[in-house]
Amino acid sequence: MHNPQRVSIHFPHRLPKRKDILMRKLLLVLLVLALTVPAGVALADGHEFDCGTDEAVTIKFFGDPVGNYPEAEDRIISRFNEVCPNITVERNDGAANVTDLIAFYLTAFEAESSDLDVIRVDVIWPGQLAEHLIDLNGIAPQAHIDAQMPALIDNNTIDGRLVALPLRIGFGMLYYRTDLVEKYGYAGPPATWDELEEMAAAIQAGERAEGNDEFWGFVWQGNAYEGLTCDALEWHVSATGENFLQSDGTISALSDAAVEIYEQAAGWVGTISPPGVVGYQEEDSRAVWHAGNAAFMRNWPYAYSRSQASDDIPAFDVAALPAGDSGMGASTLGGWHIGVSKYSEHPEAAAAFAIFLTSVESQKDFAVFTSNPPGAVELYSDPELIEAMPFIRPDLAEVTTARPSNFSKDRYNAVSTLYFNAIHSILTGEEDAAVALELLELDIADLFDM
Ligand code: GLC
């Protein structure tokens, strides 16, 4: 029997513990680096690129079906075909729902299936998937590895094995309609969740009074899946200054500040957010926003280029997510990397494609096309990239927070599932916040035998 007191933390102060807000300064450091690293793009020279094999083979790649990622991936596959014509890449849409995707991978890997050759690996999964992925150290050229953000290479190195090559990073941002913020007399985006709530309600009431019955104040990701872990972690850290599971294993799910913020979020459902938000994933919230029917949206960088492509959004900008009682906002670190299955029948060809896809040249094309920040450091000083992503700014960069995947390793998926189910039960009103959080602490402690 463990003592719940032992795993509960009381907050003597409200400032974030820096070591637990991992990577919070990651992008800020990059911005500084960008000033010192000369601009330039290393081109993958078709003649020098090592295709790994001369045999004619077909490999299967599981890509991202969200936003314009399928087109972005197809562009790179076409170029790879020119460089390595003997290798055919068959692109499959992996699941958009990350929780479904990990279940699919694990089922296939446990059966040692050779159906997956190259897969996209969420930033939270290296520890979860390491045993099923090949070590890319010694296969990827050292210069290729050195071109990536060191924090990502660390994240993807499990017991000395480099199990995935960085492709892109993500972080939660607040999208807001600048035209409406101005129309309703506000000076700028909300700085706190309370301000967001007030502004969202006023804009929603005004737009509805003018005849748009479908208008909502704030859309976000409330489905019971990994995306809710991302949104809820932002609320949690902004309110308490701590991760719900810290890097030393301290569980900080339950506190007065946490109860308060989750209750506040539950209050948005059906008021400033659609009742259906508790079933929303990224693309559901983006659909409402894209149609011009939301004042605020929490989403990832890919939604920036998609919003520019909408005819129904007269004007928008992005801001840091609002602050809670800790005095700071928080933005969950996301992103995707590329791994090669240990059960692939064509590991050389698969590795060659993984290397090509994550080359600086491919990352640049991918980043500019999708407005998704890359993993390669030198691109952050590239003028085309800066133009495509004006949101790479210190105020957004300094609040990046990692999910507790480095601590949880192969139990991350289980931890996250406990977390998003607990938060979902609060949002739907099934469970009282204090009870749900106390049970969550007990369940996490059990999972780690604490
Ligand atoms: C985005 C992020 C990823 C996260 C997912 C949750 O794809 O890049 O890290 O797990 O959203 O839905």
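Further up the page is the structure itself.
Residues numbered from 1 in each chain as written. Predicted model: local features only at pLDDT ≥ 70, side-chain atom pairs only at ≥ 80, totals over all residues. Heavy atoms only, no water.

Focus on the overall build of the chain
Our working definition: Numbering of helices and strands runs from the N terminus; a helix is a DSSP stretch of H or I covering at least four residues, while a strand is a stretch of E covering at least two. Exposure is judged per residue with a 1.4 Å probe applied to protein chains only, and the accessible area is read against the type maximum: over 50% gives exposed, under 20% gives buried, and values in between give partly exposed. What makes two residues a contact is simply this: any of their non-hydrogen atoms within 4.5 Å.
Per the secondary structure count, the chain includes 20 helices and 12 strands. Each of the 450 residues in the chain was classed as buried or not, and the buried ones make up 59%. For the chain, contacts bridging at least 24 residues in sequence account for 78% of all contacts bridging at least 6.

Considering the environment of Gly 324
Mapped onto the elements of the fold, Gly 324 is located in the loop between strand E10 (317–319) and strand E11 (331–340). In this structure the C-alpha to C-alpha distance between Gly 324 and Trp 235, which are 89 residues apart in sequence, comes to 7.2 Å.

Observations concerning the pattern of salt bridges
Convention followed: Salt bridges are identified by distance alone: a Lys or Arg side-chain nitrogen within 4 Å of an Asp or Glu carboxyl oxygen.
In total, this model carries 17 salt bridges according to the counting rule given. One salt bridge in this structure joins Asp 365 and Arg 75, with 2.8 Å as the shortest N-O distance. In this pair, Asp 365 is assigned in helix H15 (residues 360–370) and Arg 75 in helix H3 (residues 69–83), connecting sequence segments 290 residues apart. For Asp 365, a relative accessible area of 17% translates into the label buried. Across the pair Glu 384 and Lys 364 runs a salt bridge whose closest N-O atoms are separated by 3.0 Å. Taken as a pair, Glu 384 in helix H16 (residues 383–388) and Lys 364 in helix H15 lie far apart in primary sequence, 20 residues in all. Taking relative accessible area as the criterion, Lys 364 reaches 15% and is therefore assigned buried. Taken together, the shared-partner salt bridges in this structure form one network comprising Asp 64, Arg 120 and Arg 168.

Describing the side chain of Gln 363
Using the following cut-off: Think of a polar contact as two N or O atoms within 3.5 Å of one another; within protein, one of them needs to be a possible hydrogen donor and the other a possible acceptor, and neighboring residues in sequence only count if both atoms come from side chains.
Inspection of the secondary structure assignment puts Gln 363 in helix H15. Judged by relative accessible area, which is 1%, Gln 363 ranks as buried. Among the polar contacts listed, one links the side chain of Gln 363 to the side chain of Gln 148, at a separation of 2.9 Å. Within the local environment of Gln 363, its side chain forms a polar contact with the backbone nitrogen of Ala 376, the two atoms lying 2.9 Å apart. For Gln 363, the residues in contact, after removing those within four places along its chain, are Gln 148, Pro 166, Leu 167, Leu 357, Thr 358, Pro 374, Gly 375, Ala 376 and Leu 379.

Focus on the sheet that holds strand E9 (residues 294–299)
How we decide: Two strands pair if DSSP finds at least two bridges between them. A fitted line through C-alpha atoms represents every axis, and for helices the fit uses only the stretch in contact; the resulting angles, taken between N-to-C directions, go from 0 to 180 degrees.
Strand order in the open sheet made by the 4 strands is E8-E9-E7-E10, with mixed pairing throughout. One side of each edge strand has no neighbouring strand; the edge strands of this open sheet are strand E8 (216–219) and E10. Pairwise comparison of adjacent strand axes, ignoring direction, gives a mean angle of 20° for this sheet. Examined bridge by bridge, E8 and E9 share 3 bridges and lie parallel to one another.

Side note on the nonpolar core
Worth spelling out the cut-off: We define a nonpolar core as any set of buried Ala, Val, Leu, Ile, Met, Phe, Trp, Tyr and Cys residues linked to one another through side-chain atoms lying within 4.5 Å. Those domain boundaries reflect an automatic or database domain assignment.
Counting residues in hydrophobic clusters, the biggest one holds 80 residues, and the most contacted among them are Tyr 175, Phe 218, Trp 235, Tyr 262, Phe 296, Phe 391 and Ile 423. When we break this core down by domain, the ones giving at least three residues each are domain 1 (40–170 + 334–392) and domain 2 (173–333 + 396–447).

Description of the packing of helix H10 (residues 226–240) against helix H19 (residues 412–427)
Heads up, the rule is: In this scheme, roughly parallel covers angles under 35 degrees and roughly antiparallel covers those over 145, while 65 to 115 is roughly perpendicular and the rest are oblique. Only Asp, Glu, Lys and Arg are considered charged in this grouping, and only Ala, Val, Leu, Ile, Met, Phe, Trp, Tyr, Cys and Pro are considered nonpolar; every other residue, Gly among them, is considered polar.
Contact geometry for H10 and H19: axes closest at 9 Å, N-to-C directions at 70°. In this view, H10 runs roughly perpendicular relative to H19, as classed from their interaxial angle. In this structure, H10 contributes Glu 226, Leu 228, Thr 229, Ala 232, Leu 233, Trp 235 and His 236 to the contact, and H19 contributes Tyr 412, Ser 416, Tyr 419, Phe 420, Ile 423, His 424 and Leu 427. Here the residues of the contact of H10 with H19 sort into 9 nonpolar, 4 polar and 1 charged.

A short note on the site of the ligand
The cut-off we apply is this: One heavy atom suffices: a residue is near a molecule or strand as soon as one of its heavy atoms comes within 4 Å of it. Method for areas: the Shrake-Rupley scheme with a 1.4 Å probe, in which residue coverage is limited to the protein chains shown.
Around the ligand, a shell composed of Val 98, Asp 122, Tyr 225, Glu 226, Gly 227, Glu 282, Trp 300, Gly 334, Gly 335, Trp 336 and Arg 403 is seen. Interatomic distance of 2.6 Å between a side-chain N/O atom of Glu 282 and an oxygen atom of the ligand. Here an oxygen atom of the ligand and a side-chain polar atom of Trp 300 are 3.2 Å apart. When the ligand sits alone it has 310 Å² of accessible area, and the protein chains cover 91% of it. Counting only elements with at least two residues in the shell around the ligand, the list comes to H10 and E11. For the shell around the ligand, the element with the highest residue contribution is E11, accounting for 3 residues. Each of domain 1 (40–170 + 334–392) and domain 2 (173–333 + 396–447) gives at least three residues to the shell around the ligand.

Overview of the pairing of strand E1 (residues 57–63)
We count it as follows: The definition of a right-handed crossover adopted here requires that, viewed with the strands pointing away, the path from the first strand over the helix to the second runs clockwise.
Among the 7 residues in E1, 5 count as buried, and that is most of the element. Examined bridge by bridge, E1 and strand E2 (residues 87–93) share 7 bridges and lie parallel to one another. Bridge pairing in E2 links Phe 62 to Asn 92. In this view, the connection linking E1 to its parallel neighbour E2 by way of H3 has right-handed handedness. As paired elements, E1 and strand E3 (residues 118–122) share 2 bridges and run parallel to each other. For Phe 62, the partnering residue across the bridge sits in E3 and is Ile 119.

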